[in-house]
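# Remarks on the overall topology
The lines below spell out each chain.
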Amino acid sequence: MGARPRRRRAPAAAAATAATTTAAAAAPGPLGALLAAALLAAAAGAQQSATVANPVSGASPDLLPHFQLEPEDVYIVKNKAVTLACRATPATQIYFKCNGEWVHQGDHITQHSTDRGTGLPVMEVHIEVTRQQVEKIFGLEEYWCQCVAWSSSGTTKSQKAFVRIAYLRKNFEQEPTAREVSIEQGIVLPCRPPEGIPPAEVEWLRNEELVDPALDANVYVTPEHSLVLRQARLADTANYTCVAKNIVARRRSASAAITVYVNGGWSTWTQWSGCSTSCGRGWQKRSRTCTNPTPLNGGAFCEGQNVQKTACTTLCPVDGAWSEWSKWSVCGAECTHWRSRECSEPAPRNGGRECHGPELDTRNCTSELCSHAAPGAEDVALYVGLVAVAVCLVLLLLVGVLVYCRKKGGLDADVADSSILTAGFQPVSIKPSKADNPSLLTIQPDLSTATMTYQGSLCPRQDGPAKLQLPNGHLLSPLGAGRHTLHHSSPAAEGADFVARLSTQSYFRSLPRGTTNMAYGTFNFLGGRLMIPNTGISLLIPPDAIPRGKIYEVYLTLHKQEEVRLPLAGCQTLLSPIVSCGPPGVLLTRPAILAMGHCVEASAENWSIRLKKQSCEGTWEDVLQLGAEPCTELYYCQLEAQACYIFTEQLGRFALVGESLSMAASKRLKLVLFAPAACPSLEYNIRVYCLSDTQDVLKEVIQLEKQLGGQLIGAPRVLHFKDSYHNLRLSIHDMPSSLWKSKLLASYQEIPFYHIWSGLQPFLHCTFTLERLSPSTCELACKIWVWQVEGDGQSFTVNFNIAKDTRFSDWLVPDSEVGAPALVGPSAFKIPFLIRQKIISSLDPPGTRGADWRTLAQKLNLDSHLSFFASKSSPTAMILNLWEARHFPNGNLSQLATAVAEVGKQDGALFAVSEAEC
């Protein structure tokens, strides 16, 4: 069915004559001659598509037939025949001729009538043309039919009507394709419809609705059937379909998805925030949002930072203070004199408080210039003085009696907090820690011998000045078999009694009323250690930190964050637990070491980290900025990957607070999954906790889940949460739909950024509620995704039996397996006391070849703290104390022995021990 075949030319005159003779023979009798004459005339003339009149000689032209209805082009659809009609007046005969051949008279349907206006006869003829008739000449020429009408005046021919077989092929020659375009960009969707007869008409659908260019000026269709969108709009995001149709069929192209995206743009910057600190150097920031416009449909996010920070300095308020009182004035006539002072040392400035109290002080006086002096004033003053002297003597006598009674009772006069101590040391045995190296010194207690109380060195006394030479490679070898028994107080007193005694003092009113997060013990100059089990929090009291002759009852407390109000400003965040040790105000001659975990990924360019301490008045103060020169020698902090070690000579309440300096600053979050250990109903809850990565928080959650009847269903994961102001999202996937379904309405859950970043909400979690479709379903398999928008993420593959799976129960440490919370004396240290003292005395003095405490610090990777160690009276003691805090109870004493031995090799006479030194 390609190009049209050319029509054949009219036959020659001889052929036409033969044809007309044949047709005349077939025509009805009376009309035979007339028909023959008309056909001869028609064969002689040229064939035309329009009506052609052939008048008979001598006939009137007005009586020639003219057509009221001529046949028209038609299409055969499938196998349905088509009908051609013709009507003429005045006409005596009408016949069809198709492709030059007369249609048989029996195939004509003829109707006769009379024209009412003229009275002339009217004849109408119909014929049917089938698909088979047309297909017989397919490829030769087009199939056509023409109507010929006769009257007494001649013949007339109608126009030709072409009969064609209609079709529409299936495949489009060109289909539209999917595209992503930016808003306001022009779009052209091409479409070339399938080949067909008659040619197909094209229309466009947008999401199955007709696109009408007459109703939308932004849309038009080209003559080549392409759809053009002048400027893409968000509403133009849709599926577009090209539809081609004719009388045979309707074809649809594949749908083309057009996505109109919007690239994000920054809003204007906000105003700079106030300075993060009210005094000194701080930070201020301003922000902008990617909302001008907001990225849509996959558009690019804004490039650049959404937060800018800059340093700022706020003048510190200075409170006013009084100057010294002036001298008293001369006694006036009214028996008074006065003195004054000024609020000028210093004067209040920068919003500081004014001085409180009177500026002028007056009082009565007596002198010879006082005209109103009462008679006998000298006698009154004398009596008053005598009474005062008598009262003082009585008080001194009472004090002497009390002191005598205390000494007679054998109590030490320097017991700290005597109101809560009922006795001195009580004799108990101490089990020394087991050394890693069998050659190390151990002090074995012997309860069969008489006990003695240490008042000096623990070296056994011997006569003679002989020297004992220690080889360099065996510094920590045994030093004899002396047996010792140590008297000390018991740390295992009743916890409730201890807390009750502390609660009577005002500063301790905020301590917890239970002993779960608390440790306490009684210590003397031998020192000791307090630990809160399963939290990573401990307090090391080194030997000689408590003055000899004094006894301190010390406590260590972990606070719940909701119980202690820690104000945070700006971008500050809590990085550690809040820990108290005390009692505050006690005298320590050497720093104690407080160890606790933290959750910061520390780097100098991303973080400003400060140690905060709460004063007795309740205000929090910055006592140390890590990485900067310490403003006082009272505090120092060794920050490691997951723990910090705080040197402090003043006990109190501490916390580690950080302030991010860039969006690259990150905290570690511990992600933990819990679910019910038993599931009697069809509902099943999975709780995903997002915790600060410290041991104390994990311990609290485990205790909470034990109360709820929960079990751990996956190994905890660590996620790095950045200061990017983006929230944390959680979602669940890949559940077998035939066994489980999720009741979560949205595709994910979200925890706001500030809830996590502040660090003040310890137990943040989301719950995924699932439902079993059958009570017999026990196997659960799914994936849980946890990620920060545009940041780090973690996935959990959950595959376990909810009825009997206990694979992760080892993570839950029973309370009965934890160690003793308080260790007193040598049992609290890995290094034997005698060896410790010898190392200190040998390495504190500068070595001839550098064999001193500096070399030991270098070998223990502590050389970055040399300036702090050098500021103390015994640098070696500080190094050994830090080693004890870092490595108890699982430290490798052999490695320390090796390091000390290597220092000794540099000076062969370094570790010469004199027996008299003991």
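Here's a quick rundown of the structure. All figures in this text were calculated on a predicted structure; none of them were measured in a lab.

### So, the overall build of the chain
- Along the backbone of the chain there are 12 helices and 52 strands.
- When burial is assessed residue by residue, the chain has 44% of its 918 residues classed as buried.
- Once local pairs closer than 6 in sequence are excluded, the contacts in the chain between residues at least 24 apart make up 71%.

### What about the sheet that holds strand E18 (residues 227-229)?
- One open sheet holds the 3 strands; their spatial order is E13-E18-E17, and the pairing between them is antiparallel. The outermost strands of the open sheet, each flanked by one partner alone, are strand E13 (187-189) and strand E17 (219-221). Between one strand and the next, the sheet's axes are offset by a mean angle of 15°, whatever the strand orientation.
- When E17 meets E18, the two strands line up antiparallel, connected through 3 bridges.

### Remarks on the sheet that holds strand E49 (residues 779-788)
- Across the sheet, 4 strands lie side by side as E47-E45-E49-E50; this open sheet has antiparallel pairing. Strand pairing shows two members of the sheet lacking a second neighbour, strand E47 (749-751) and strand E50 (793-801), which therefore form its edges. Averaged over neighbouring strand pairs, the angle between their axes works out to 20° when direction is ignored.

### Considering a nonpolar patch on the surface
- Among the surface-exposed residues, Val387, Val391, Val394, Leu395 and Leu398 lie close enough to one another that they form a single nonpolar patch of about 460 Å² accessible area.
- Looking at the secondary structure, you find Leu398 in helix H4 (residues 377-408).

### Some points on the packing of helix H8 (residues 833-843) against helix H11 (residues 875-887)
- Relative orientation of the contacting elements H8 and H11 amounts to 140°, with a least axis distance of 8 Å. As far as their axial angle goes, H11 and H8 are oblique. For the pair formed by H8 and H11, the contact residues are Arg836, Ile839, Ile840 and Leu843 on the first element and Thr876, Ala877, Leu880 and Asn881 on the second.
- The class makeup of the residues in the contact of H8 with H11 is 5 nonpolar, 2 polar and 1 charged.

### Quick notes on the pairing of strand E37 (residues 620-625)
- Relative to E37, strand E36 (residues 607-614) runs antiparallel, the two sharing 5 bridges. Across the sheet, Arg610 pairs through a bridge with Gln625, a residue of E37.
- Here E36 folds back onto E37, and the loop between the two strands holds 5 residues, one of which, Gly618, carries a positive phi near 100°.

### Let's talk about the nonpolar core
- Grouped together as the largest cluster of nonpolar side chains are 71 residues, with contacts concentrated most on Leu539, Leu556, Tyr684, Leu728, Leu780, Ile784 and Val786.
- In this view, Leu780 contacts Tyr684, Ile686, Trp740, Leu770, Val798, Asn799, Phe800 and Ile802; residues no more than four positions away in its chain are not counted.
- Membership of the second largest hydrophobic core comes to 37 residues, among which are Ile593, Ile831, Leu856 and Val903.

### Describing the side chain of Thr241
- Counting through the fold element by element, Thr241 comes out in strand E19 (residues 238-245).
- Only 2.9 Å separates the side chain of Thr241 from the side chain of Ser255, close enough to count as a polar contact.
- Every residue in contact with Thr241, bar those within four places of it in the chain, is listed here: Glu203, Trp204, Leu205, Glu208, Arg252, Ser253 and Ser255.

### Here's the deal with the pattern of salt bridges
- Applying the stated criterion across every chain, the model contains 31 salt bridges.
- In this structure, the salt-bridge partner of Arg131 is Glu135, at a minimum N-O distance of 2.9 Å. Placement of the pair is Arg131 and Glu135 together in helix H3 (residues 131-136), with a separation of 4 residues, close to one helical turn.
- In this structure, the salt-bridge partner of Arg729 is Glu750, at a minimum N-O distance of 2.7 Å. With Arg729 in strand E45 (residues 728-733) and Glu750 in strand E47, this residue pair connects regions lying 21 residues apart in the sequence.
- Taking the relative accessible area as the measure of exposure, Arg729 reaches 23% and is therefore partly exposed.
- Taking relative accessible area as the criterion, Glu750 reaches 36% and is therefore assigned partly exposed.

Basis of the calculations
- Residues numbered from 1 in each chain as written.
- Predicted model: local features only at pLDDT ≥ 70, side-chain atom pairs only at ≥ 80, totals over all residues.
- Heavy atoms only, no water.
- Helix = DSSP H or I, 4+ residues; strand = E, 2+ residues; numbered from the N terminus.
- Buried < 20%, exposed > 50% of the residue type's maximum accessible area, 1.4 Å probe, protein only.
- Contact = heavy atoms within 4.5 Å.
- Pairing = 2+ DSSP bridges.
- Axes fitted to C-alpha atoms, helices over the stretch in contact; angles between N-to-C directions.
- Patch = residues over 30% accessible without salt bridge, like charges linked within 9 Å, V, L, I, M, F, W, Y side chains within 5 Å.
- Areas by Shrake-Rupley, 256 points an atom, 1.4 Å probe, with all protein chains shown as cover.
- Salt bridge = Lys/Arg side-chain N within 4 Å of Asp/Glu carboxyl O.
- Parallel < 35°, antiparallel > 145°, perpendicular 65-115°, else oblique.
- Nonpolar A, V, L, I, M, F, W, Y, C, P; charged D, E, K, R; others polar.
- Core = buried A, V, L, I, M, F, W, Y, C linked by side-chain atoms within 4.5 Å.
- Polar contact = N/O pair within 3.5 Å; in protein donor to acceptor, adjacent residues only side chain to side chain.

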